[in-house]
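# Observations on the three-dimensional arrangement
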Amino acid sequence: MKRVPGTRQIIWIAITLLILQVSIFAQAGGDPNKPIKDLNFQNADIKSVLNFLADYGDVNIVTAPSVEGKVNLALKNVSWQLALDILMKTYGLTAVQEKGYIRVVPTKEYLEETSMVEKHRSEQAQIIPLKTEIIEVDNASAYDLVEPIQSILTDRGKIEVDKRSNSLIVSEIPSNIELIKQFVEELDKETAQIKISAQIVEVSSQTLKEYGINWSVYGEGDLGDGTFDHTVTVDADDVSDPKGTYLFHTMQPGWNLTATLQALTSDGNGKIVAHPEITTVDNKEAKIQSGQKIPIKTFDPSGNVVITFEEVGTILRVTPHITSENRILMHLIPERSTYAFNPDGIVINSNNAETNVVVENGQTVVIGGLTSQDILENHIGVPLLKDIPVLGYLFGYKKKQVENRDLVIFVTPTIVGSDLAATE
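Residues numbered from 1 in each chain as written. Predicted model: local features only at pLDDT ≥ 70, side-chain atom pairs only at ≥ 80, totals over all residues. Heavy atoms only, no water.

### Quick word on the pairing of strand β19 (residues 355-359)
Here β19 shows a buried face lined by T355, V357 and V359 and an unburied face lined by N356 and V358. Examined bridge by bridge, strand β17 (residues 328-342) and β19 share five bridges and lie antiparallel to one another. Pairing of H331 across the sheet is with N356, part of β19. (Buried < 20%, exposed > 50% of the residue type's maximum accessible area, 1.4 Å probe, protein only. Helix = DSSP H or I, 4+ residues; strand = E, 2+ residues; numbered from the N terminus. Pairing = 2+ DSSP bridges.)

### Describing the packing of aromatic side chains
If you walk through the whole model with that rule in mind, you get two aromatic pairs. A centroid spacing of 6.0 Å and a plane angle of 70° characterise the contact between F41 and F52, whose relative ring orientation is edge-to-face. With a gap of eleven residues between them, F41 in strand β1 (residues 36-45) and F52 in helix α2 (residues 46-57) connect regions that are remote in the sequence. Take F52: its relative accessible area is 8%, and that puts it in the buried class. Ring geometry for F52 versus Y56: centroids 6.2 Å apart, planes at 40°, classification tilted. Remark: Y56 and F52 occur in helix α2; sequence separation between them is four residues, near one turn of the helix. The residues F52 and Y56 share a single accessibility class, namely buried. By the ring-pair criterion, three or more aromatic residues cluster together here, those being F41, F52 and Y56. (Phe/Tyr/Trp six-rings, centres within 6.5 Å; stacked < 30°, edge-to-face > 60°.)

Any link to function would need more than the numbers given here.
Given below as structure tokens:
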């Protein structure tokens with residue numbers, strides 16, 4: 001009598017044939033990095049599919065008891081990782097990477113589990129005694145580190161600053177103290193410093209033209225033994241002359257600043273108004289001023305006279321930043337202001353501009369284009385006779401001459417340490 005297979009046996013035979021079919025279509029050799037050419041499952045048990053992917057990928061997959069159901073997949077040229085990801089997303093499962101194995105659970109259970117773990121951790125954090133430690137800050141300002149550290153503090157954590165020792169006093173759960181220490185160690189690094197050297201020169205416009213410089217045509221030409229490599233024009237804000245412009249130029253390597261200054265100031269055609277130098281840290285503004293403070297009278301709400309002082313003259317604000325290529329990005333804000341009296345009080349006329357310039361370490365930026373006019377009055381005539389009171393006008397005359405003068409600012413940033421290393 002011929003034995004007829006039972007229903008359970010038929011199901012297992014069908015599953016076995018499906019797995020064999022997939023194995024035939026997959027590349028022989030068992031390399032988990034090779035894609036599966038043809039992955040085809042129809043009404044297959046999900047655990048059997050996961051077992052196949054575990055064998056093919058040579059990984060350990062543990063399936064939660066609640067994972068059950070039938071799978072229908074038809075994929076071509078996929079890796080076992082991609083096939084597993086598709087399976088998880090399609091059937092509401094989550095693959096959790098544990099140490100040494102992959103755990104597959106329904107996504108709903110995983111979310112509940114995560115929520116319970118987080119709740120337990122939060123409850124434990126509320127009952128663990130706080131630990132207080134003093135963390136020394138060597139290079140940065142302790143006050144500057146308070147804000148970034150607060151982002152990683154727990155709800156119970158507190159941080160204070162000891163100004164005298166430049167230290168942080170941190171009260172926090174013990175497990176987070178070590179994280180804060182690592183955070184401070186990463187942030188508390190010595191900040192690079194940049195020396196800003198400026199030469200503020202007032203020179204006759206005619207002298208600049210002799211060197212081939214004409215700001216009205218955007219600085220075309222040579223300056224000494226250097227040439228401009230680019231020009232940026234910025235309209236200035238000037239209540240008396242809204243058409244004024246600043247121009248910014250970076251000088252080519254090999255350009256001699258000292259020789260140029262000597263040439264521009266020779267024969268009384270120009271003068272160095274100021275030669276300030278200031279050192280600042282990376283990303284911190286440096287301010288250079290050459291001028292004066294004038295008193296301005298104002299009135300408070302009670303009608304009392306209040307004296308305030310306004311800065312008038314040449315002001316240069318520079319914010320340098322050292323790039324990854326050891327170049328220097330400078331945010332430049334030059335300003336020149338003058339004042340005049342009128343019946344209503346004092347009027348301040350101001351020119352200012354703003355731009356960003358990238359230069360090499362030690363390269364010079366030239367800021368020009370701001371022209372002022374000086375009225376010169378000369379008494380011309382017969383010597384001695386022209387100076388006689390009353391009758392002198394018969395032997396001479398007065399001649400007024402308008403002279404245009406340009407303010408030129410040379411800015412040279414140098415990374416502190418690089419210039420010292422060059423001299424050793």
